[in-house]
Amino acid sequence: GFMNDLVMFLAEYRRLASRLVFEMPLADVENASDSLIAVLDGLSQLGCRFSVDRVRKRRVDIAQLRSRHVRFLKIESAW
C-alpha cells in the first residue's frame, strides 16, 4: 500500500521524483515479485532512478537490471 501511495504522491510532485534514487539489494531486484516490478515501472515513468547494492558476484544479468530500470551498481570493493 505504501508504495502505491508513494507513486501517487510523486505523480503530483514530478520535480521531486526526478531527484530520487532508490537503492535496493541485488537479490531483491533479481527476485522481485510482479507487484514490485509494477511499482518500479511506475516510479521509473515518473523519473525516479534505481541503484543496486550488495553486488557480490561477478556475473550479473545486466539485461534484467535494465528491464527493471536500474541505472547504478555498487560493487563490493573486495574484488
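Just so we're clear, the structure is a prediction, and the values are computed from it rather than from any experiment.

The rules we used
Residues numbered from 1 in each chain as written. Predicted model: local features only at pLDDT ≥ 70, side-chain atom pairs only at ≥ 80, totals over all residues. Heavy atoms only, no water. Helix = DSSP H or I, 4+ residues; strand = E, 2+ residues; numbered from the N terminus. Buried < 20%, exposed > 50% of the residue type's maximum accessible area, 1.4 Å probe, protein only. Lys, Arg positive; Asp, Glu negative; His and termini not counted. Salt bridge = Lys/Arg side-chain N within 4 Å of Asp/Glu carboxyl O. Contact = heavy atoms within 4.5 Å. Patch = residues over 30% accessible without salt bridge, like charges linked within 9 Å, V, L, I, M, F, W, Y side chains within 5 Å. Areas by Shrake-Rupley, 256 points an atom, 1.4 Å probe, with all protein chains shown as cover. Pairing = 2+ DSSP bridges. Axes fitted to C-alpha atoms, helices over the stretch in contact; angles between N-to-C directions. Core = buried A, V, L, I, M, F, W, Y, C linked by side-chain atoms within 4.5 Å.

(A) How the structure looks around the side chain of D53. Looking at the element boundaries, D53 is found in strand β2 (residues 49–55). Among buried Asp, Glu, Lys and Arg side chains, D53 stands out as unpaired, with R54 the closest opposite charge at 4.3 Å. Look past the residues within four positions of D53 in its chain and what remains in contact with it is E23, M24, P25, L26 and K74.

(B) Molecular detail of the pattern of salt bridges. As enumerated under the stated definition, the model contains two salt bridges in all. Here E23 ties to K74 by a salt bridge, and the two come within 3.4 Å at their closest N and O atoms. On the criterion of sequence distance, the pair formed by E23 in strand β1 (residues 21–25) and K74 in strand β3 (residues 70–75) is long-range, its members being 51 residues apart. Classification of E23 by relative accessible area gives partly exposed; the value is 41%.

(C) Here's a closer look at a nonpolar patch on the surface. A cluster of nonpolar side chains, namely F9, Y13 and L16, defines an oily patch on the protein surface of about 290 Å² accessible area. One can find Y13 in the loop between α1 (2–12) and α2 (14–17). With a relative accessible area of 42%, Y13 lands in the partly exposed category.

(D) Looking closely at the sheet that holds β1. Pairing in this open sheet of three strands is parallel, and the strands run β1-β2-β3 from one edge to the other. Unpaired on one side and paired on the other, β1 and β3 mark the two borders of the sheet. Averaged over all neighbouring strand pairs, the angle between strand axes comes to 25 degrees, with direction disregarded. Summarising the sheet, β2 and β3 pair through four bridges and their orientation is parallel. Opposite V55, over in β3, you have I75 as the bridge partner.

(E) Representation of the nonpolar core in the model. Grouped together as the largest cluster of nonpolar side chains are 17 residues, with contacts concentrated most on L10, V29, L43, F50, V52, L65 and V70. Listed by contribution, the elements that provide at least two residues to this core are α1, α3 (26–30), α4 (34–46) and β2. Here this core takes four residues from α4, the largest share from any one element. In this structure V70 touches V29, F50, V52 and L65, once residues within four positions along its chain are discounted.

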